[in-house]
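Structural overview for review
The lines below spell out each chain.
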Amino acid sequence: MSTPPLPAVPSPGALTQDELKTLVGRAALDYVVRGQWVGVGTGSTVNKFIDALVSVRHEIPGAVSSSVASTERLRALGIAVRDANEVERLAVYIDGADEIDGKGYMVKGGGAALTREKIVAAQSDRFVCIADASKQVSVLGKFPLPVEVIPMASARIMRQFAALGGRAAMRMAGDKPLVTDNGQLLLDVQGLSISDPLAFEAEISQWPGVVTVGVFAFQRAHICLLGTDAGVQTLRFD
Ligand code: 5RP
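Residues numbered from 1 in each chain as written. Predicted model: local features only at pLDDT ≥ 70, side-chain atom pairs only at ≥ 80, totals over all residues. Heavy atoms only, no water.

**Observations concerning the overall build of the chain**
- When helices and strands are tallied, the chain shows six helices and 16 strands.
- Its C-alpha atoms give the chain a radius of gyration of 18 Å, near enough to 18 Å, the size a compact globule of 238 residues would have.
- Dimensions of the chain along its principal axes, counting C-alpha atoms only, are 55 × 40 × 35 Å.
- Scored against the burial criterion, the 238 residues of the chain give a buried share of 52%.
- A sequence separation of at least 24 residues applies to 71% of the contacts in the chain between residues at least 6 apart.
- Per element, the accessible surface of the chain, about 10500 Å² overall, is 52% carbon and sulfur.
- Distance between charge centres in the chain, computed from 23 positive and 25 negative side chains, equals 1 Å. (Helix = DSSP H or I, 4+ residues; strand = E, 2+ residues; numbered from the N terminus. Rg over C-alpha atoms; globule rule 2.2 N^0.38 Å. Buried < 20%, exposed > 50% of the residue type's maximum accessible area, 1.4 Å probe, protein only. Contact = heavy atoms within 4.5 Å. Areas by Shrake-Rupley, 256 points an atom, 1.4 Å probe, with all protein chains shown as cover. Lys, Arg positive; Asp, Glu negative; His and termini not counted. Charge placed at Lys NZ, Arg CZ, Asp CG, Glu CD.)

Below is the structure:
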């Protein structure tokens, strides 16, 4: 398979959200450690990264992916994908976010892949977040918080969120509940203001029936490549 040309790099100015995603997806190539497996997240921004990754695919053995969708896209472009269990450590994990705050804490899961994203992030030395500037917040909670749950616990977990002042809704795919890559359900919780992401993640993670809460505080970003009209801004949190 020959290497397709990279999409044109948009020049800074008044850029669309899609162009900002292309910009940061391309910029993330600088963080891919040549000769090593790379952790790959999920979502429209990561898709831009995957498209750019093709240009260095002969310099890396391949990727560990966080979703069926990313695995399919990687393989379709000729990039090998290995199961997370087959690779002990990853030098870098590259993924998007629904929100990111000033400390690199994030809300993730808009693409329903939060559990596998947290798993791959946990075996990576460095998390590089790629996001457009609309994702930057001072306090997490504006974006509805995704929480993957075991089906038989979903009603109780919704009541527990209500007791915290949140409004949890089942994520739907058409007229049926969405089923994740792991065969579980997803709640989206509105109305939360997450001022202490570490404490919040620790607390919700131990509720029986919660598979994964979409706050990434323990697996926060170390670097964020933020797409702005002035170009890519590099935020460092380590
Ligand atoms: C998927 C995610 C994504 O990283 C997040 O939803 C951002 O997606 P996008 O790049 O499409 O805005 O957490 O579960």
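Structure shown, so let's carry the discussion forward.
**Some details on the environment of Val189**
- By the element assignment, Val189 lies in strand β12 (residues 185–190).
- Put simply, Val189 and Arg167 are 22 residues apart on the chain and 5.3 Å apart in space, counted from C-alpha to C-alpha.
- Discounting residues that sit within four places of it in the chain, Val189 has contacts with Pro144, Leu145, Val147, Phe161, Gly166, Arg167 and Ala168.

**Observations regarding the packing of helix α1 (residues 17–27) against helix α2 (residues 44–53)**
- The contact between α1 and α2 brings their axes to 8 Å, and the two run at 50°. When the axes of α1 and α2 are compared, the pair comes out oblique. Taken as a pair, α1 and α2 cross one another with a handedness that is right-handed. Touching Asp18, Lys21, Thr22, Val24, Gly25 and Arg26 of α1 are Ser44, Thr45, Lys48, Phe49 and Ala52, all from α2.
- Partitioned by chemical class, the residues of the contact of α1 with α2 number three nonpolar, four polar and four charged. (Axes fitted to C-alpha atoms, helices over the stretch in contact; angles between N-to-C directions. Parallel < 35°, antiparallel > 145°, perpendicular 65-115°, else oblique. Left-handed = near helix turned anticlockwise from the far one by under 90°. Nonpolar A, V, L, I, M, F, W, Y, C, P; charged D, E, K, R; others polar.)

**Considerations on the sheet that holds β12**
- Taken together, four strands build an open sheet; the order of strands is β9-β12-β8-β13 and the sheet is antiparallel. The two strands at the open ends of the sheet, each matched to only one other strand, are β9 (167–170) and β13 (210–213). When the angles between neighbouring strand axes are averaged without regard to direction, this sheet yields 30°.
- Relative to β13, strand β8 (residues 145–149) runs antiparallel, the two sharing three bridges. (Pairing = 2+ DSSP bridges.)

**Focus: the site of the ligand**
- Every one of the 17 residues lining the ligand counts as a neighbour, but Ser44, Thr45, Asp98, Gly109 and Lys135 are closest to it.
- A distance of 3.0 Å is found between an oxygen atom of the ligand and a side-chain nitrogen or oxygen belonging to Lys108.
- Lys135 has a polar side-chain atom sitting 2.7 Å from an oxygen atom of the ligand.
- For the ligand, whose free accessible area comes to 380 Å², the fraction covered by protein is 91%.
- Classifying every residue of the shell around the ligand gives three nonpolar, eight polar and six charged. (Near = heavy atom within 4 Å. Polar contact = N/O pair within 3.5 Å; in protein donor to acceptor, adjacent residues only side chain to side chain.)

**Considerations on the domain arrangement of the chain**
- Each assigned domain of the chain is listed with its residue range as follows: domain 1 (17–137 + 218–236) and domain 2 (145–213).
- Each of domain 1 and domain 2 was reduced to a C-alpha centroid, and the two centroids are 24 Å apart.
- Listed per partner, the contact involves 16 residues of domain 1 and 17 residues of domain 2.
- Both faces combined, the contact of domain 1 with domain 2 buries some 1300 Å², and carbon together with sulfur accounts for 59% of it.
- Scanning the region where domain 1 abuts domain 2 turns up one salt bridge.
- Put simply, Glu201 and Lys118 hold a salt bridge, and the shortest N to O gap is 2.6 Å.
- Counting across the interface, domain 1 meets domain 2 through 10 residue pairs in polar contact (both at pLDDT 80 or more). (Domains from an automatic or database assignment. Buried area = accessible area lost by both parts, 1.4 Å probe. Salt bridge = Lys/Arg side-chain N within 4 Å of Asp/Glu carboxyl O.)

**Examining α1**
- Those residues of α1 that fall on the buried side of the exposure criterion are Leu20, Lys21, Thr22, Leu23, Val24, Gly25 and Ala27.
- Packed against the buried residues of α1 are α2, β7 (127–132), β15 (223–228) and β16 (231–236).

**Re unusual backbone geometry**
- In this structure, Ala112 takes a positive phi of about 70° despite not being glycine.
- Residue placement: Ala112 occurs in the loop between β6 (106–107) and α4 (114–122).
- Judged by its relative accessible area of 15%, Ala112 is buried.

**Here we look at the pairing of β8**
- Burial of β8 is extensive: five of the five residues sit out of reach of the surface.
- Here β8 shows two buried faces, one formed by Leu145, Val147 and Val149 and the other by Pro146 and Glu148.

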